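Here are the chains, one letter per residue:
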Amino acid sequence: MGGLLAWEVIGVLDTQGESAEWTFPADPGAVRTARAVVRGKLRTWGLDELGDVAALLVSELVTNSMRHATGPIGVRLVRAAGPVPTLLVEVSDPLPDLPRERKARSDEEDGRGLQLVAHSSRRWGMRPADIGKTVWFELVVPC
């Protein structure tokens with residue numbers, strides 16, 4: 001994570017065990033930093049093979065949060081065991097409005113983020129919170 005500046009992460013809530021959480025400012029540098037910390041944590045968990053897709057989808061969701069919210073953006077990873085081991089990734093922001101998946105026209109430059117999340121993950125969804133909302137997705141952990 002060379003080049004990570006201290007001001008780019010508001011807080012690191014937990015990076016031990018099977019979960020990790022970070023809070024970022026609603027600032028353009030948050031996207032790059034979120035990608036870096038997600039890749040770094042997946043590397044320490046031995047899940048490098050999920051790094052590209054997880055970083056891409058986190059980038060999309062953090063970018064969406066930045067465009068619409070002014071408060072802090074939370075990113076949380078949970079490595080869940082079970083019959084199908086998964087990686088749960090959550091991106092939260094203080095804006096209560098849930099995003100809408102839409103079909104972008106071929107000449108539009110944006111509007112494909114949730115489609116990308118839907119097509120690249122095992123499953124995904126969103127939920128309101130006491131303050132704001134969380135958009136989440138699951139990736140299958142390779143055996």
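Remember, predicted model here, so these are calculated numbers, not experimental data. (Residues numbered from 1 in each chain as written. Predicted model: local features only at pLDDT ≥ 70, side-chain atom pairs only at ≥ 80, totals over all residues. Heavy atoms only, no water.)

### Description of the pairing of strand 6 (residues 133-140)
No. 1: Among the 8 residues of strand 6, 7 are classified as buried, and the element is accordingly described as predominantly covered.
No. 2: Taken together, the 8 bridges between strand 4 (residues 86-93) and strand 6 define a ladder with antiparallel strand orientation. Counterpart to Thr86 in the pairing with strand 6 is Val140. (Buried < 20%, exposed > 50% of the residue type's maximum accessible area, 1.4 Å probe, protein only. Helix = DSSP H or I, 4+ residues; strand = E, 2+ residues; numbered from the N terminus. Pairing = 2+ DSSP bridges.)

### Thoughts on the confidence of the model for the chain
No. 1: Residues with a pLDDT of 70 or more make up 79% of the chain, whose mean pLDDT is 83.
No. 2: Confidence, expressed as mean pLDDT per element, reaches its minimum in the chain at strand 1 (residues 11-14) with 47 and its maximum at strand 4 with 96.
No. 3: Here residues 1-16 scores under 50 on pLDDT; set against residues more than four positions off or in separate chains, the count is 32 contacts. (pLDDT = per-residue confidence, 0-100. Contact = heavy atoms within 4.5 Å.)

### Quick notes on the environment of Leu98
No. 1: Along the chain, the position of Leu98 falls in the loop between strand 4 and helix 3 (113-120).
No. 2: Taking the C-alpha atoms as reference points, Leu98 and Pro128, 30 residues apart in sequence, are found 7.3 Å from one another.
No. 3: Other than its neighbours up to four places away in sequence, Leu98 contacts Met126, Arg127, Pro128 and Lys133.

### A closer look at the pairing of strand 4
No. 1: For strand 4, a buried count of 7 out of 8 residues is recorded, marking the element as mostly surrounded by other parts of the structure.
No. 2: Of the pairings in the sheet, the one linking strand 3 (residues 73-80) to strand 4 comprises 7 bridges and is antiparallel in character. Residue Leu77 lies in a different strand from strand 4, and its bridge partner there is Val89.
No. 3: Count of turn residues in the strand 3/strand 4 antiparallel hairpin: 5 residues, of which Gly82 carries a positive phi of about 150°.

### Considerations on the pattern of salt bridges
No. 1: All told, the structure shown has 8 salt bridges when counted by the stated rule.
No. 2: Ionic pairing is found between Arg76 and Glu90, a salt bridge with its closest N-O pair at 3.0 Å. Of this pair, Arg76 sits in strand 3 while Glu90 is found in strand 4, placing the two residues 14 residues apart along the sequence.
No. 3: Judged by its relative accessible area of 27%, Arg76 is partly exposed.
No. 4: When its relative accessible area of 8% is taken as the criterion, Glu90 is described as buried.
No. 5: Arg123 serves as the salt-bridge partner of Glu138, at 2.9 Å between the closest nitrogen and oxygen. Placement of Glu138 in strand 6 and of Arg123 in strand 5 (residues 123-128) is noted, with a sequence separation of 15 residues between them. (Salt bridge = Lys/Arg side-chain N within 4 Å of Asp/Glu carboxyl O.)

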